[in-house]
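Chain by chain, the residues run as shown.
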Number of protein chains: 2
Amino acid sequence: MAQAGRRPGQTETREEILEAARRRFAEQGYDGATVRAIAADAGVNAALLHHFFGTKQQLFAASMNLPVDPGELVPRILEGPEAEIGERLVRAFLGLWEAPDGRAPFLAMIRSATTNEQVATMMRQFLERAVLARVAEARGVPKVRVAGIAAQMIGFALLRYVIGLPPLVNASEEEIVGMLAPVAQYYLTPGTEKVRLPMHQEGGLARHWSETTG
Amino acid sequence: MAQAGRRPGQTETREEILEAARRRFAEQGYDGATVRAIAADAGVNAALLHHFFGTKQQLFAASMNLPVDPGELVPRILEGPEAEIGERLVRAFLGLWEAPDGRAPFLAMIRSATTNEQVATMMRQFLERAVLARVAEARGVPKVRVAGIAAQMIGFALLRYVIGLPPLVNASEEEIVGMLAPVAQYYLTPGTEKVRLPMHQEGGLARHWSETTG
DNA sequence: GTCTATAATCGGATAGAC
DNA sequence: GTCTATCCGATTATAGAC
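Residues numbered from 1 in each chain as written. Chains lettered and ligands numbered in written order. Predicted model: local features only at pLDDT ≥ 70, side-chain atom pairs only at ≥ 80, totals over all residues. Heavy atoms only, no water.

Peer 1: Describe in detail the overall build of chain A, supporting the description with residues and values.
Peer 2: In terms of regular secondary structure, chain A is built from 12 helices and zero strands. Secondary structure of chain A in N-to-C order comes out as α-α-α-α-α-α-α-α-α-α-α-α. Pairs at least 24 residues apart make up 67% of the contacts formed inside chain A by residues separated by at least 6 positions. Carbon and sulfur atoms provide 50% of the accessible area of chain A, an area that totals close to 9900 Å². (Helix = DSSP H or I, 4+ residues; strand = E, 2+ residues; numbered from the N terminus. Contact = heavy atoms within 4.5 Å. Areas by Shrake-Rupley, 256 points an atom, 1.4 Å probe, with all protein chains shown as cover.)

Following this line, the structure appears as structure tokens:
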């Protein structure tokens, strides 16, 4: 039984605007995307966007619903076999970016945070609260180490999805996991945070690996 | 003996414009920085910038003289004790960013490449020709692995110098070296590129480290 | 709910005087 | 070499009609 109240036309248009905003912000960043272009994509007048969302900044915030709940995803990564945490993290990260729909908000954040201070603050707070605090507490490693793996993953996304560096664009998902998982595992393993340059000693990582892998 | 030709006033103004351009592009990115603002900073009229450099894009290119010669720096990092390559790389990278003057071009690249396709191409080609090709050839590791360490370092710079993530902002140079050098060493060590998730096997990296470091 | 009209700026680039 | 004046376009945002 449909209740009285807002008519279907409203919610549809609202959603179309948000969808168009996500696309534009993802492709051109906050400053590059214009309300006029977003409105045109949604097939409506630019004034309507202000009527619905107020300012451009508020429209951006409204369109940035992440396709993931950190409170659910982070524990799911950290639980399970200890030795495969790095792999689970990299696979989860790749899953978010490889889903065409899920990629948009992250692209928009990266493309906007570099030049817009408000978006940079959004990103900083998201990383601190949703990632660093949770992971550091759950794993018993310093926040700076969680920031290290965040840097690795964000840098990877920047070069693969934004800059389009050929070796990373052409790499398969399995290649990427094989390459990044050990790094994630290193950062998330308690007891390694006070190790100063372990490679300098004895056999080093290379010999260790050639031994354990035949 | 001073030759006839261009008067001193010309070169001084030119340099001041380039300096102002470097500052503005570094702080606001390509799209955010305006020729008018750059001209005002240099104390000249905006028309003069077009007279000297043509378009804004050409002014950007002219102002982007990197404070480093990759052809000289890369070999210097790769030479020397094998086990300390990672540390030398991280220290060199930090040296470039911590020098207040040298930071500007890199900031400008990061802030501009995410939204400007031409700058993204500049960055892509710089990484491919000046970094990936040289290092991969010299070290005998696949380009994708050199791209991996590039991602780690650029992601670190993004979070520390652009986003301002507190744990990375507050970290000392020695802390950073201690954290990132093992990762760099891992990527640049031949023979590890076909290792699939070594952490999953036997003791893993954590036990290896606790053993080799007491 | 959706539009037209318009305010109020600001942008890159050029022509041409001096 | 440096400036004034100007073209031409784009931008966010609002007021108000329908």
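Peer 1: Before we move on, can you summarise the nonpolar core with the specific residues and values?
Peer 2: Counting 146 residues, the largest nonpolar core has A:Val90, A:Leu159, B:Val90 and B:Leu159 as the members making the most contacts within it. In this view, A:Val90 contacts A:Met153, A:Ile176, A:Val177, A:Leu180, A:Ala181 and A:Ala184; residues no more than four positions away in its chain are not counted. (Core = buried A, V, L, I, M, F, W, Y, C linked by side-chain atoms within 4.5 Å. Buried < 20%, exposed > 50% of the residue type's maximum accessible area, 1.4 Å probe, protein only.)

Peer 1: Describe helix α2 (residues 35-42) of chain A, naming the residues involved and giving the relevant values.
Peer 2: For α2(A), the set of buried residues is A:Val35, A:Ala37, A:Ile38, A:Ala39 and A:Ala42. Of the residues trailing α2(A), A:Gly43 is marked for its positive phi of about 75°.

Peer 1: Describe the packing of helix α2 (residues 35-42) of chain B against helix α3 (residues 46-53) of chain B, with residues and values.
Peer 2: A pair of packed helices is characterised by two quantities: the angle between their axes and the separation of those axes. All names here are of chain B. Two elements in contact, α2 and α3, have axes separated by 8 Å at closest approach and are oriented at 100°. In terms of axis orientation, α2 runs roughly perpendicular to α3. Seen from α2, the contacting residues are Val35, Arg36, Ile38 and Ala39; seen from α3, they are Ala46, Leu49 and His50. Looking at the contact of α2 with α3 residue by residue, the classes come out as five nonpolar, one polar and one charged. (Axes fitted to C-alpha atoms, helices over the stretch in contact; angles between N-to-C directions. Parallel < 35°, antiparallel > 145°, perpendicular 65-115°, else oblique. Nonpolar A, V, L, I, M, F, W, Y, C, P; charged D, E, K, R; others polar.)

Peer 1: So what about the environment of A:Phe60? Which residues, and what values?
Peer 2: Residue and element names in this part refer to chain A. With respect to the helices, strands and loops of the structure, Phe60 is situated in helix α4 (residues 56-63). In this structure, the C-alpha to C-alpha distance between Phe60 and Thr13, residues 47 residues apart in sequence, is 16 Å. The residues touching Phe60, leaving out its near neighbours within four places in the chain, are Phe25, Tyr30, Ala108, Ser112, Val119 and Met122.

Peer 1: Describe in detail the environment of A:Asn170, supporting the description with residues and values.
Peer 2: Considering the arrangement of structural elements, one finds A:Asn170 in the loop between α10 (166-169) and α11 (173-188). Residues A:Asn170 and A:Arg160, 10 residues apart in the sequence, show an inter-C-alpha distance of 8.8 Å.

Peer 1: So what about the UniProt feature "DNA-binding region" (unreviewed entry) in chain A? Which residues, and what values?
Peer 2: Residues annotated in UniProt with the feature "DNA-binding region" (unreviewed entry) correspond here to residues 34-53 of chain A. With 80% helix and 0% strand, residues 34-53 of chain A has its two end C-alpha atoms placed 14 Å apart. (UniProt positions renumbered as here; feature names shortened; annotations may be inferred.)

Peer 1: Account for the packing of aromatic side chains, with residues named and values stated.
Peer 2: Residues and elements named next belong to chain B. Applying the stated rule across the entire model yields 18 aromatic pairs over all chains. With a centroid separation of 5.5 Å and 85° between ring planes, the pair formed by Tyr30 and Phe60 is classed as edge-to-face. Placement of the pair is Tyr30 in helix α1 (residues 8-32) and Phe60 in helix α4 (residues 56-63), with a sequence separation of 30 residues. Given a relative accessible area of 9%, Tyr30 falls into the buried group. By relative accessible area, which is 0% here, Phe60 ends up buried. Judged by centre distance (4.8 Å) and plane angle (15°), the ring pair of Trp97 and Tyr161 falls under stacked. (Phe/Tyr/Trp six-rings, centres within 6.5 Å; stacked < 30°, edge-to-face > 60°.)

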